[in-house]
Amino acid sequence: MNYKGAVIIVSHDRYFLDRIANKVIELDNTNATVFSGNYSAYAAGKELLRAAAYNAYMKQQQEIKHQEAVIEKLKSFNREKSIKRAESREKMLQKIEVLEKPVEVRADMHLTLEPKFQSGNDVLQVEGLSKAFGPLTLFEDLSFDLKKGEHVAVIGDNGTGKTTILKIINELLPPDRGTIRLGTNVAIGYYDQEHHVLHPEKTLFQEISDDYPTLNNTEIRNTLAAFLFTGEDVFKTIKTLSGGERGRLSLAKLMLSEANFLILDEPTNHLDIMSKEILEDALCAYTGTVLYVSHDRYFINKTAHRILDLNRRTLTNYLGNYDYYLEKKEEQLAKIDASFAASQTGNAAVTGSKTDGLPSAAKQDWKAMKEQQAAQRKRENDLKKCEERIETLEKRNEEIDGLMVSPDVCTNVAKLQELNSEKEGNEAELLALYEKWEELSLEE
C-alpha cells in the first residue's frame, strides 16, 4: 500500500485483494474483463453484469418467440400480402445476432447445510484444556464455551495447536488435562483438512452409500453431481482424487450429515474461489453451531460471529468478525504504547524535579500533552472525514457501474460518456484521498 509504483498480483487471497487492489482483471472463457475497485467491488460488478446479460438474453428470447408466433400467424392467413409480410419478418429475424445464454457461474455446485434437529442452547463447554507433545507445550488451561447458533473461528500462527483443539473435541486425540462436555442433542459433523474421514480405497459412490445406506442409487448420484462428480467420476477411487476433489467430497458428506454442530478444519483449502463463496453462503444460512480453524481472512470476515485467538498458549476472545478483531488488536497495541509512553513521561518528570526542582516542568509537560491530544483529535477527525468521502465516492462508482450496464443506459452513448466522465473524476479524487488516508494513518 505504501509502494508508489505499479503492482500486478495473481492471488486467491480475497482479503488481501480487498485491501491492496484498485483494479481487477478477470480472465474467463478466454476473455479479459476489467473492473475498477477491489475484490468486493469486482464481485458486485460481476454480478451486475451477469444479471444484465441474463436479462438481455431473456428479453431477446421473448422477442424471438414473439416474432416467430407472428410469422406463424401471418402464414396461416395464406394470403399473398400476409405471406410477404411473414417472409420480411423472417429475414429480419435471421439478421438478429442471437445472444448466448450467460453461464450461471454459481449454479453448478449446490451446497445446503441444515440441521436435522436442534441442539440445546449449551452446545460445548471446554474447561482447563492442556496439550503437549513431548517437551513442546501447545496450550495450557484453555476454557471456552459455545452457544447454539454461534459461528466461531479459531485463529493463530501455525503450530500453536488450533487443529489439535478440534481433534480433541472430536475425540481423535486425548487431552493431557481438562474436560470437554457436549450439550443436549448435539450431533457433530466434522470436516478434516487432511480428509482422514475419507477412505482412500473406496470409490466415491461407496463412500456415500456405506455411510448413508438409506440413500438409493439415484439419490447418491444426484448428491455427487451437486458437487461436480458426474458419469464415471463416481467410480473413481478416493486415493486418485486431487485435494480440491477430496474437499468437495468431504463437503458432500457434510451436507448429508444434517449435523447441528459443524467442526471444520481449514474448509477452504484447495477450493476455488467460487466454491469458497458457495460454502460461505451455505454457512451464513446455517442455523446450527460452527467451530472452525481457518487462515482465510475473507472467509472468516464473512462467516464468523466470534473469534478465538490462540497465542502464547492461551485464547483471547473477540466478539465480532475479522475486521473487528484487527481493530481491537490495534487498540490494544495503542494502549500498550500509550502506557509505555506515560511511564516514560512520568519517569522523566520525577527525574527533572529531583535534579533542578523547577515547578514549571510539570506545566510544560501538561501543556505538551494537551497539544498532543488536540493534534491527535484533529488527525482522527481528518481521517474520519477522509474515510467517509472515500466511501461516498466508491459507492457512487458502484452505482455508475450498475447504471452503465443497465438496458436503458448501455445503448445511450451520450449518457455513457457523461457517466464515464463522472467516474474518471471520482477516480482522480479517490487517488488523492487514498494518498491522504495513508499519510494520516502513518502519522504518530
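Preceding this paragraph is the structure being described.
Residues numbered from 1 in each chain as written. Predicted model: local features only at pLDDT ≥ 70, side-chain atom pairs only at ≥ 80, totals over all residues. Heavy atoms only, no water.

### Observations regarding the overall build of the protein chain
Argument step 1. Scanning the protein chain for helices and strands turns up 12 helices and 11 strands.
Argument step 2. A globule of 444 residues ought to have a C-alpha radius of gyration of about 22 Å, yet the protein chain, at 30 Å, is considerably larger.
Argument step 3. With respect to the three principal axes, the spread of C-alpha positions in the protein chain is 115 × 65 × 40 Å.
Argument step 4. Residues counted as buried form 35% of the 444 residues belonging to the protein chain.
Argument step 5. Of the charged side chains in the protein chain, 58 are positive and 72 negative, and the gap between their average positions amounts to 3 Å. (Helix = DSSP H or I, 4+ residues; strand = E, 2+ residues; numbered from the N terminus. Rg over C-alpha atoms; globule rule 2.2 N^0.38 Å. Buried < 20%, exposed > 50% of the residue type's maximum accessible area, 1.4 Å probe, protein only. Lys, Arg positive; Asp, Glu negative; His and termini not counted. Charge placed at Lys NZ, Arg CZ, Asp CG, Glu CD.)

### Digging into the nonpolar core
Argument step 1. Core analysis: the largest hydrophobic core is formed by 50 residues, its most contacted members being Leu 249, Leu 262 and Ile 307.
Argument step 2. Ranked by residue count, the leading element in this core is helix 7 (residues 243-257), at six residues.
Argument step 3. Those residues in contact with Ile 307 that lie beyond four places of it in its chain are Ala 153, Ile 155, Ile 300, Thr 316, Asn 317, Tyr 318, Gly 320, Asn 321, Tyr 322 and Tyr 325.
Argument step 4. Ranked by size, the runner-up nonpolar core spans 24 residues in total, among them Leu 138, Phe 139, Leu 142 and Phe 261. (Core = buried A, V, L, I, M, F, W, Y, C linked by side-chain atoms within 4.5 Å. Contact = heavy atoms within 4.5 Å.)

### Concerning the pattern of salt bridges
Two side chains with opposite charge may pair up if their charged atoms get near one another.
Argument step 1. In total, this model carries 30 salt bridges according to the counting rule given.
Argument step 2. Between Glu 26 and Lys 46 there is a salt bridge, with its nearest N and O atoms 3.0 Å apart. Here Glu 26 is found in strand 1 (residues 23-28), whereas its partner Lys 46 is found in helix 2 (residues 39-77), with 20 residues between them in sequence.
Argument step 3. Owing to a relative accessible area of 11%, Glu 26 belongs among the buried residues under this scheme.
Argument step 4. For Lys 46, a relative accessible area of 19% corresponds to the buried category. (Salt bridge = Lys/Arg side-chain N within 4 Å of Asp/Glu carboxyl O.)

These figures come from the coordinates and say nothing about function on their own.
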